Amino acid sequence: MDLCLGRRRALSQHLTEEIRSLSSHLEESLKLDFVHSLDGPIYKAAGTTRLEKIEMIPGPVRSRKKNRLLDYQKLEESLIIRARGNKYTSAGIATFLPSKSGSQIEIRIEHEKGAAFLLTIPVRYKRLGCLSTGEPAMKSTTILWFIKECPIALNTV
């Protein structure tokens, strides 16, 4: 997994390890929870604290099909509040998307230094209750959660 920040500079070894650790933790968490819900997507969110501990963000235990988008939005809002509140150094959301043609896990990870990646991992059902994952495909993406908010200048002329 080659992690680069733009074209100019590469991420340090410490940042690379933090991102890999968070992505593997989210992937394993989804694998454990997929047995409970085979009928629709599953969402998990987590962040790495300043003390380098991975903290899972609590989400809904079971959601109805109509509320799945709302569940994702609530997880993302919790993640944004914690990321912009300087609680996390890196944050991520993992989504398990089951389908008949080919299931996959999508993990979006961002770091406060400005790195953002989207990992797509193909999933195959080996037998009842077991998942087999393939090689992840990774691409850079835009940062959403760690952006610095600009102060608004009021023109009072």
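Conventions used here
- Residues numbered from 1 in each chain as written.
- Predicted model: local features only at pLDDT ≥ 70, side-chain atom pairs only at ≥ 80, totals over all residues.
- Heavy atoms only, no water.
- Helix = DSSP H or I, 4+ residues; strand = E, 2+ residues; numbered from the N terminus.
- Buried < 20%, exposed > 50% of the residue type's maximum accessible area, 1.4 Å probe, protein only.
- Contact = heavy atoms within 4.5 Å.
- Areas by Shrake-Rupley, 256 points an atom, 1.4 Å probe, with all protein chains shown as cover.
- Expected span 1.5 Å × (residues − 1).
- Arc of directions from axis to C-beta.
- pLDDT = per-residue confidence, 0-100.
- Pairing = 2+ DSSP bridges.

Mind showing me how you'd approach the overall build of the protein chain here?
Within the protein chain one finds 2 helices and 9 strands. Order of helices (α) and strands (β) in the protein chain, N terminus to C terminus: β-β-α-β-β-α-β-β-β-β-β. Looking at the protein chain as a whole, 35% of its 157 residues qualify as buried. Relative to all contacts within the protein chain whose residues are 6 or more apart in sequence, the contacts with residues 24 or more apart total 56%. Here the protein chain has roughly 10100 Å² of accessible surface; of this, 53% comes from carbon and sulfur atoms.

Sorry, what's going on with the side chain of Glu27 here?
The residue Glu27 is located in helix H1 (residues 13-33) in this model. Judged by relative accessible area, which is 14%, Glu27 ranks as buried.

Can you help me understand helix H2 (residues 68-84) in this one?
It helps to recall that an α-helix has 3.6 residues per turn; residues three or four apart then point in one direction. With 17 residues, H2 extends 24 Å between its outermost C-alpha atoms, agreeing within 8% with the 24 Å of an ideal straight helix rising 1.5 Å per residue. Here H2 has its buried residues at Arg68, Asp71, Leu75, Glu76, Leu79 and Ala83. Projected down its long axis, H2 shows its buried positions confined to an angular sector of 130 degrees, all on one face. Away from the buried face of H2 by more than 90 degrees, exposed residues Leu69 and Ile81 are located. Buried residues along H2 sit in contact with strand S3 (42-49), strand S4 (54-57) and strand S5 (88-97).

For this particular structure, what's the right way to read unusual backbone geometry?
Even without glycine at this site, Glu52 takes up a positive phi of about 65 degrees. For Glu52, the location among the structural elements is in the loop between S3 and S4. At Asn86, a position not held by glycine, the phi torsion is positive, near 60 degrees. You can see Asn86 is positioned in the loop between H2 and S5.

Can you help me understand the confidence of the model for the protein chain in this one?
Caution applies to low-pLDDT parts of the model: their predicted coordinates are not meant to be read in detail. Summary statistics for the protein chain give a mean pLDDT of 78 and a share of 76% for residues scoring 70 or more. S4 holds the highest mean pLDDT among the elements of the protein chain, 90, whereas strand S1 (residues 4-5) holds the lowest, 50.

What exactly am I supposed to notice about the environment of Gly102 here?
Relative to the helices and strands, Gly102 is located in the loop between S5 and strand S6 (103-111). A residue is classified by how much of its surface remains accessible, and Gly102, at 41% relative accessible area, is partly exposed. Separated by 23 residues in sequence, Gly102 and Tyr125 place their C-alpha atoms 9.6 Å apart.

Could you clarify how one ought to interpret the pairing of strand S7 (residues 116-127) in this entry?
Sheet faces and side chains relate simply in a regular strand, where the side chains alternate between the two faces. With 8 bridges joining them, S6 and S7 adopt antiparallel strand pairing. Note that in S7 the partner of Ile105 across the bridge is Ile121. Between S6 and S7, which pair antiparallel in sequence order, lie 4 residues; one of them, Gly114, sits at a positive phi of approximately 110 degrees. Where S7 meets strand S8 (residues 130-133), 4 bridges bridge the pair, whose relative direction is antiparallel. Note that in S8 the partner of Arg127 across the bridge is Cys130.

Hey, could you run me through H1 in this one?
With 21 residues, H1 should reach 30 Å at 1.5 Å per residue; the first-to-last C-alpha distance of 30 Å fits that figure. Among the residues of H1, Leu15, Thr16, Glu18, Ile19, Leu22, Ser23, Leu26, Glu27, Ser29 and Leu30 are the ones counted as buried. Contacts made by the buried residues of H1 are with S3, S4, S5, S6, S7 and S8.

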